[in-house]
Amino acid sequence: MPPALASRFTTGQLAVLRIVGDEVAGKGVCGLCIDAIAARAGVCRRLAQAAIRLAEGDGLLTIQERRHQGRKSDPNLLRIISREWQAWMRRGRRLSAEGGGCKLMHPTDKRVLDTGKTEPAAPAKKLPERQGRSHPNGLRGAKRVPEPVRAMRR
């Protein structure tokens with residue numbers, strides 16, 4: 001979305017409008033339900049509804065309701081009518097077709113990192129035995145008590 005238009009919306013609302021813009025760019029119209037738009041944008045359902053209504057109020061898009069009497073309604077159709085937003089989407093699609101100006105990435109050669117070993121190099125060391133009251137042989141710390149303290153116990 002162009003910066004002049006994007007400055008009117010919060011980050012969550014821009015995420016919702018990005019999903020709508022991507023669908024319109026790909027199919028000509030956004031026919032996703034509110035739950036799907038909210039899930040893709042990573043926001044709650046109410047924020048997605050509010051963002052779409054706010055964009056409609058600003059004259060950026062139109063909402064065509066598809067109600068049916070006595071049964072479940074179809075998802076609303078969203079169309080972008082803002083010329084500035086449409087031009088922005090056309091420009092973005094043209095840049096991505098040309099490569100988008102990104103560097104060509106050369107990933108690391110994994111054969112260099114593979115040593116061929118599948119087992120640990122050495123067996124794990126055994127932990128020291130527990131000492132103190134929970135030791136199976138009773139109190140082991142009694143032997144370590146200094147002489148003056150042992151005299152006081154008598």
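First, a word on scope: everything that follows refers to the structure included in this document. (Residues numbered from 1 in each chain as written. Predicted model: local features only at pLDDT ≥ 70, side-chain atom pairs only at ≥ 80, totals over all residues. Heavy atoms only, no water.)

## Quick word on the overall build of the protein
Along its length, the protein carries seven helices and two strands. The secondary structure elements of the protein, listed N-terminal to C-terminal, are α-α-α-α-β-β-α-α-α. Per-residue burial for the protein yields a buried fraction of 22% across its 154 residues. With an accessible surface of roughly 12500 Å², the protein has 53% of that area assigned to carbon and sulfur atoms. (Helix = DSSP H or I, 4+ residues; strand = E, 2+ residues; numbered from the N terminus. Buried < 20%, exposed > 50% of the residue type's maximum accessible area, 1.4 Å probe, protein only. Areas by Shrake-Rupley, 256 points an atom, 1.4 Å probe, with all protein chains shown as cover.)

## Considerations on the packing of helix α3 (residues 34-41) against helix α4 (residues 45-57)
Here α3 crosses α4 at 105°, and the two axes come no closer than 8 Å. Comparing the axis directions of α3 and α4 gives the class roughly perpendicular. Every residue of α4 that contacts α3 at I34, D35, I37 and A38 is listed here: R45, A48, Q49 and I52. Of the residues in the contact of α3 with α4, the class split is five nonpolar, one polar and two charged. (Axes fitted to C-alpha atoms, helices over the stretch in contact; angles between N-to-C directions. Parallel < 35°, antiparallel > 145°, perpendicular 65-115°, else oblique. Contact = heavy atoms within 4.5 Å. Nonpolar A, V, L, I, M, F, W, Y, C, P; charged D, E, K, R; others polar.)

## Re the pattern of salt bridges
Close approach of charged atoms lets side chains of opposite charge pair. Taken as a whole, this structure holds six salt bridges when the rule is applied. In this structure, K27 engages E23 in a salt bridge whose closest nitrogen and oxygen atoms are separated by 3.4 Å. One end of the pair is K27 and the other is E23, both in helix α2 (residues 11-27) and four residues apart, which spans about a single turn. Given a relative accessible area of 63%, K27 falls into the exposed group. A salt bridge links R45 to D35; the nearest nitrogen and oxygen atoms lie 2.9 Å apart. Of this pair, R45 sits in helix α4 while D35 sits in helix α3; the two residues are ten residues apart in sequence, bridging distant segments of the chain. Residue R45 is classed as partly exposed on the basis of its relative accessible area of 41%. If you follow the salt bridges from partner to partner, you end up with E23, K27 and R40 in one network. (Salt bridge = Lys/Arg side-chain N within 4 Å of Asp/Glu carboxyl O.)

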